[in-house]
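Fold and contact review
One letter stands for each residue in the lines below.
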Amino acid sequence: MSTENTFAENAPTPERRAHSEFVGTAPTRVLRTVQALLQAGDITQPAADAAERWYRDYVFGYCDYVEFSDQHRPSTLTRHDAVSWQLVRARAMARITAIREALGLCAHQRLRMMLVDELSFRAMGEALFPAISASSSQRKIAAQCALLLEQLADRQEAERKAAKAARAAKNTPAQPAAQTEQA
């Protein structure tokens, strides 16, 4: 079974293709607000990458499946059974929960609207700011999303550094207490 046939079978319907702008070739994805912010120079590439990581964790945690990239090579060293698969899924949910607790429920809601629901800035603005004009709400949401994605990237980078430091401390042999007192 070739992956090209799999992607062709899972392509957007003609109706969906008429209503959305798509990027990429395999698998095809809707041009999301993240790409729009990146192309406009409002966010950096690490922020866009952080959004993609958050999206993958969200989909895996809530929907129980993983989308692999074109360059993915399956590992022959590990095979997951049902229990280990759920443990990996629980780690993804823990990352989503930690980000929601760190950035707040409003940030989580905006991330979900932007990345999971694939809403445009206009649709998000109408939902969150119904009392102001569409153009004003669109600008507000775009600015909020750009700031949020940069915060998300910083948060993920801090977590990566903390995990690396914890691994390094775990792998470093402890010095005897007598030596540390003399130093």
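The rules we used
Residues numbered from 1 in each chain as written. Predicted model: local features only at pLDDT ≥ 70, side-chain atom pairs only at ≥ 80, totals over all residues. Heavy atoms only, no water. Helix = DSSP H or I, 4+ residues; strand = E, 2+ residues; numbered from the N terminus. Buried < 20%, exposed > 50% of the residue type's maximum accessible area, 1.4 Å probe, protein only. Contact = heavy atoms within 4.5 Å. Core = buried A, V, L, I, M, F, W, Y, C linked by side-chain atoms within 4.5 Å. Axes fitted to C-alpha atoms, helices over the stretch in contact; angles between N-to-C directions. Parallel < 35°, antiparallel > 145°, perpendicular 65-115°, else oblique. Nonpolar A, V, L, I, M, F, W, Y, C, P; charged D, E, K, R; others polar. Phe/Tyr/Trp six-rings, centres within 6.5 Å; stacked < 30°, edge-to-face > 60°. Lys NZ or Arg CZ within 6 Å of the ring centre and 35° of its normal. Expected span 1.5 Å × (residues − 1).

A few points about the overall build of the chain
Helix and strand counts for the chain come out as nine helices and two strands. Element order for the chain, N to C, with α for helix and β for strand: α-α-β-β-α-α-α-α-α-α-α. Per-residue burial for the chain yields a buried fraction of 25% across its 183 residues. Of all intrachain contacts in the chain linking residues separated by at least 6 positions in sequence, the fraction that spans at least 24 positions is 57%.

Notes on the nonpolar core
Counting 29 residues, the largest nonpolar core has Val-34, Ile-43, Trp-54, Leu-111, Met-114, Leu-115 and Leu-149 as its most contacted members. Counting only elements with at least two residues in this core, the list comes to helix H3 (33–40), helix H4 (45–63), helix H5 (82–103), helix H6 (105–116), helix H7 (121–128) and helix H8 (134–171). Not counting residues up to four positions away in its chain, the partners in contact with Trp-54 are Ile-96, Ile-99, His-108, Leu-111, Arg-112, Leu-115, Val-116, Leu-152 and Gln-156.

Structural notes on the packing of H4 against H6
For any two helices packed against each other, the geometry comes down to the angle between their axes and how far apart the axes lie. As a packed pair, H4 and H6 sit with axes 11 Å apart at the nearest point and diverge in direction by 90°. The angle between H4 and H6 falls in the class roughly perpendicular. The residues of H6 that touch H4, namely those facing Ala-51, Trp-54, Tyr-55 and Tyr-58, are His-108, Leu-111, Arg-112, Leu-115 and Val-116. The class makeup of the residues in the contact of H4 with H6 is seven nonpolar, one polar and one charged.

Thoughts on the packing of aromatic side chains
Evaluation of the coordinates by the stated rule reveals two aromatic pairs. Look at Trp-54 and Tyr-58: their rings are 5.2 Å apart centre to centre, the planes differ by 25°, and that puts the pair in the stacked class. With Trp-54 and Tyr-58 both in helix H4, this residue pair falls four residues apart, about one helical turn. The exposure classification of Trp-54 matches that of Tyr-58, with both residues buried. For Tyr-58, a relative accessible area of 11% puts it in the buried group. Members of the aromatic cluster, joined through ring pairs, are Trp-54, Tyr-58 and Tyr-62. Taking the ring centre of Phe-129 as reference, the NZ or CZ of Lys-140 above it sits at 5.1 Å.

A word on H4
Under the 1.5 Å per step criterion, the end-to-end length of H4 is 26 Å for 19 residues, consistent within 8% with the ideal 27 Å. Every buried residue of H4 is accounted for by Ala-47, Ala-48, Ala-50, Ala-51, Glu-52, Trp-54, Tyr-55, Asp-57, Tyr-58, Val-59, Phe-60 and Gly-61. Immediately downstream of H4, the backbone of Asp-64 shows phi near 65°, a positive value.

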